[in-house]
Amino acid sequence: MKHPKIIQSKAPGSKSVKNFKALSHKILEYSNRGDLRTDFQREISKMLLGFSGCNAVEFWLKGHGKYFRSCMTRLSGKPFLFETRPYPQNEHGEIVPQANDDQTWIYLCHTVIHGRLTPSQPLVTKNGSFWTGNTKKPFFLRLTFDKKSHVRSFTLSGDTLSLLLLPLSVGRKNIGLLVLKSKLKSYFNKKEISLYEDFSRYLEIVATHHDTQVDLRERIKELSCLYHIARLAAQPDLSMKEVLQGIVKVLPPAWLYPEIAHARILLNGDSFSTPHFQEGRDRQQADIIVNGKHRGKVEVVYSEKRSELDEGPFLQEERALLDTVAKEIANIITGRQAERDKMNLEEQVRHADRLATIGQLAAGVAHELNEPLGSILGFSQLVKKCSGLPHRAELDMEKILNASLHARDIVKKLLIFARQMPPQKMKVNLNRLVEEGLNFFKSRCAKENIELSCLLSPDLPEVDADPSQLNQVVINLIVNALQAMPHGGRLKIQTLEEENHVLLIIEDTGVGMSEEVLEKIFTPFFTTKEVGKGTGLGLPVVHGIITSHGGSIKVESKISQGTRFEIQLPWTGPNENRG
Ligand code: ADP
Ligand code: MG
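Residues numbered from 1 in each chain as written. Chains lettered and ligands numbered in written order. Predicted model: local features only at pLDDT ≥ 70, side-chain atom pairs only at ≥ 80, totals over all residues. Heavy atoms only, no water.

For the site of ligand 1, give the residues involved together with the corresponding values.
Lining the immediate surroundings of ligand 1 are 20 residues, of which Asn480, Thr527, Thr528, Lys529 and Leu539 lie closest. Summarising the interface, the protein chains cover 95% of the accessible area of ligand 1, which totals 530 Å² for the free molecule. Secondary structure elements with two or more residues in the shell around ligand 1: helix H10 (467-483), helix H12 (538-548) and strand S19 (562-570). Ranked by residues supplied to the shell around ligand 1, first place goes to H12 with three residues. (Near = heavy atom within 4 Å. Areas by Shrake-Rupley, 256 points an atom, 1.4 Å probe, with all protein chains shown as cover. Helix = DSSP H or I, 4+ residues; strand = E, 2+ residues; numbered from the N terminus.)

Below, the structure is given as structure tokens:
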């Protein structure tokens, strides 16, 4: 800290009106800077010490429910002391006399501050200022308390001989006290005391102006902090992490001591903080609540102790600001979540739309092909029945027949996908269907080192469905799962009953799928398998069947970890045939 340079004035008792005017201008000009309270009191005291030629200047200023008392002396060691003194108030906001004002000096200061000196008695001016030219002599003062007056004697110790205590007030409210102390006897004369009193009227204005200036600056800092946060929130291309890191950066400048302020946001286990964040002693926090749930907190800490810390130890406005910031973060999270949900929904709609278009196209082609295929099949069967065909021609006819049957199979699948083959619904026991389907695969699983686990809910209600179509679903999903585990693994099949639907879950520990593959699995003819192993029609058929049954499909997959298909089929109501 830089020690103020004090210029000793010429001779005591020689201050003119002009000198006072110059000093007043100087302090007004200085107050425009809106320095922090400590700096303000130090600077004013320094000017007064130089101007008055006194040995010490004591300056009390009220703010945030207490008095800030500073003391500047000419001693080289500790020229500036700064402390806070609380004052008790009654419910009307009036300062009440304190029982522990026992130290004579503090008692005297409070007496002047609280306006308890009966004016115009010896040593007291008509404005309530106190002065003495010789403290070595005990003095008596008439005090007024609750309209009752009494006399009290004062004996001061120390090497100060001359004293001038000037109360500072705005309207009827006290805002502080200015004390000038000199080691010289009879240092202040009547004319000067009156000039100092005029000067203290000026100081009252300056102190109020300074307070406003500081408040204004703090409010501007807070507003620009909120403005920066709003700007960060409005940038959709920033990731949530970037936004939070940005917020952490704009917080410290909004606090009273930016140079020792550090901020941190803890959200869902992630931490974002300014570079040298540490758990400080003086710390403030606000919870981040999203949709009623506690998701994290935002903190500001001071890494050092400062003398001028207000209510424990942050400003009330800083408390409010931090709460607002926490709410703002919660809003950003909610907003982004809503945006994501909307995009997901849009993507789902687009996907469904694409599949529907492909379905229509496929159905059109399938219908067109159905007829010529029927002719090929019919006529080749007729030809095959003709006697006298060369053996070679008979074999070729067989190939034509097989190829046409395969083609008809594909056409049928396309029609199922496009939901052009309405399901023949009846009551179906899904458990039995799964068990029957699995029978085909048991020996293959054993051979391919695939562990099979089947958890079928014993109480599963029957569903209204086309059994042969559902059978297709089960078979297609199991085949895909087995194909995904060429080196063995675990296949888990589960049935479950939920509120108004039944679930079929088929899970494997196979190769899994990338995001790109996952996006295309329901598109007809999409396959990642080599020719002969896959047609790319298995899942489109599953999709067609489940959708025409009013159900839905959920897929989760992770590369090298496995895939989980969850089929949901509506269950319309209770029925007796469970099992
Ligand atoms: P196909 O099996 O004839 O390739 P599908 O429509 O049944 O056609 O499947 C499409 C694609 O989806 C497959 O080629 C494969 O890439 C992927 N797939 C389906 N099921 C699984 C699974 N259980 N594990 C990994 N990939 C799968
Ligand atoms: Mg398949």
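Tell me about empty space enclosed by the protein, and please be specific about residues and values.
This model, assessed by the stated rule, comprises two cavities of 30 Å³ or more. Around the second largest cavity, the lining residues are Leu430, Leu470, Val473, Val474, Leu504, Ile546, Ile567 and Leu569. Of all the elements, H10 adds the most residues to the lining of the second largest cavity, at three residues. (1 Å grid on protein atoms, 1.4 Å probe; cavity = no way out; pocket = protein on both sides within 12 Å on 5 of 7 lines; lining within 4 Å. Points joined across faces, edges and corners; volume = space filled by probe spheres on them.)

Lay out the side chain of Arg69 in plain terms, naming residues and giving numbers.
Mapped onto the secondary structure, Arg69 falls in strand S2 (residues 66-73). By relative accessible area, Arg69 is classed as buried at 16%. Only 2.7 Å separates the side chain of Arg69 from the side chain of Glu58, close enough to count as a polar contact. A polar atom in the side chain of Arg69 sits 2.6 Å from the side chain of Glu83. (Buried < 20%, exposed > 50% of the residue type's maximum accessible area, 1.4 Å probe, protein only. Polar contact = N/O pair within 3.5 Å; in protein donor to acceptor, adjacent residues only side chain to side chain.)

Lay out the domain arrangement of the protein in plain terms, naming residues and giving numbers.
Many structure descriptions define interface size as the accessible area lost when the parts assemble. Domain annotation for the protein reports domain 1 (17-213), domain 2 (215-339), domain 3 (348-417) and domain 4 (426-570). A straight line from the C-alpha centre of domain 1 to that of domain 3 covers 107 Å. (Domains from an automatic or database assignment.)

Can you tell me about the sheet that holds strand S8 (residues 173-182), naming the residues and giving the values?
One open sheet holds the six strands; their spatial order is S3-S2-S1-S8-S7-S4, and the pairing between them is antiparallel. Two strands in the sheet have a free side with no partner beyond their single neighbour: strand S3 (80-86) and strand S4 (130-132). Across the sheet, the mean angle from the axis of one strand to that of its neighbour is 15°, orientation sign disregarded. Across nine bridges, the pairing between strand S7 (residues 162-170) and S8 is antiparallel. The partner of Leu163 across the bridge, within S8, is Lys181. Strands in contact with helix H2 (residues 37-52) are strand S1 (56-63), S2, S3 and S8; relative to S1, the strand with the most contacts, it is inclined by about 145°. The sheet contacts of helix H3 (residues 104-113) involve S1, S2, S3, S4, S7 and S8, and relative to S8 the element is tilted by about 135°. (Pairing = 2+ DSSP bridges. Axes fitted to C-alpha atoms, helices over the stretch in contact; angles between N-to-C directions. Contact = heavy atoms within 4.5 Å.)

Tell me what's going on with the side chain of Thr125, and back it up with residues and numbers.
By the element assignment, Thr125 lies in the loop between H3 and S4. If we skip the residues at most four places from it in the chain, Thr125 touches Pro119, Ser120, Trp131, Ile193 and Glu197.

Give a detailed account of the packing of helix H1 (residues 17-31) against H2, specifying residues and quantitative values.
Packing of H1 against H2 leaves a shortest axis separation of 11 Å and a crossing angle of 165°. Taken as axis vectors, H1 and H2 run roughly antiparallel relative to one another. Like other packed secondary-structure pairs, H1 and H2 cross with a definite hand, here right-handed. When H1 is examined against H2, the residues Asn19, Phe20, Leu23, Lys26, Ile27, Tyr30 and Ser31 are found in contact with a partner set consisting of Asp39, Phe40, Glu43, Ile44, Met47, Leu48 and Phe51. Of the residues that constitute the contact of H1 with H2, the class distribution is nine nonpolar, two polar and three charged. (Parallel < 35°, antiparallel > 145°, perpendicular 65-115°, else oblique. Left-handed = near helix turned anticlockwise from the far one by under 90°. Nonpolar A, V, L, I, M, F, W, Y, C, P; charged D, E, K, R; others polar.)

Which residues make up a nonpolar patch on the surface, and what are the values?
A cluster of nonpolar side chains, contributed by Leu361, Val365 and Leu369, occupies part of the molecular surface with about 280 Å² of accessible area. On the accessibility criterion, Leu361 (62% relative accessible area) is exposed. (Patch = residues over 30% accessible without salt bridge, like charges linked within 9 Å, V, L, I, M, F, W, Y side chains within 5 Å. Salt bridge = Lys/Arg side-chain N within 4 Å of Asp/Glu carboxyl O.)

Tell me what's going on with the pairing of strand S5 (residues 139-145), and back it up with residues and numbers.
One ladder, built from seven bridges, connects S5 with strand S6 (residues 148-154); its direction is antiparallel. Looking at S6, one finds that Phe145 is bridged to Lys148.

Provide a residue-level description of the packing of aromatic side chains, including the pertinent values.
For the coordinates displayed, the defined rule picks out 15 aromatic pairs. Each ring, one from Phe20 and one from Tyr196, has its centre 4.9 Å from the other, and the planes form 85°; the classification is edge-to-face. Separated by 176 residues along the polypeptide, Phe20 in helix H1 and Tyr196 in helix H4 (residues 190-233) bring together distant segments of the chain. Owing to a relative accessible area of 4%, Phe20 belongs among the buried residues under this scheme. A centroid spacing of 6.4 Å and a plane angle of 85° characterise the contact between Phe51 and Tyr196, whose relative ring orientation is edge-to-face. One end of the pair, Phe51, is in helix H2; the other, Tyr196, is in helix H4, with 145 residues separating them in the sequence. As far as burial versus exposure is concerned, Phe51 and Tyr196 are alike and both buried. Joined through ring pairs, the aromatic side chains of Phe20, Phe51, Tyr187, Phe188, Tyr196 and Phe199 make up one cluster. Seen from the ring of Phe154, Arg152 lies directly overhead, with NZ or CZ sitting 5.1 Å from the centre. (Phe/Tyr/Trp six-rings, centres within 6.5 Å; stacked < 30°, edge-to-face > 60°. Lys NZ or Arg CZ within 6 Å of the ring centre and 35° of its normal.)

Could you give me a rundown of the environment of Ser182, with the residues and numbers involved?
Assignment of secondary structure puts Ser182 in strand S8. Separated by 69 residues in sequence, Ser182 and Leu251 have C-alpha atoms that sit 46 Å apart. Apart from the residues lying within four places of it in its own chain, the contact partners of Ser182 are Cys54, Asn55, Thr160, Leu161, Ser162 and Tyr187.

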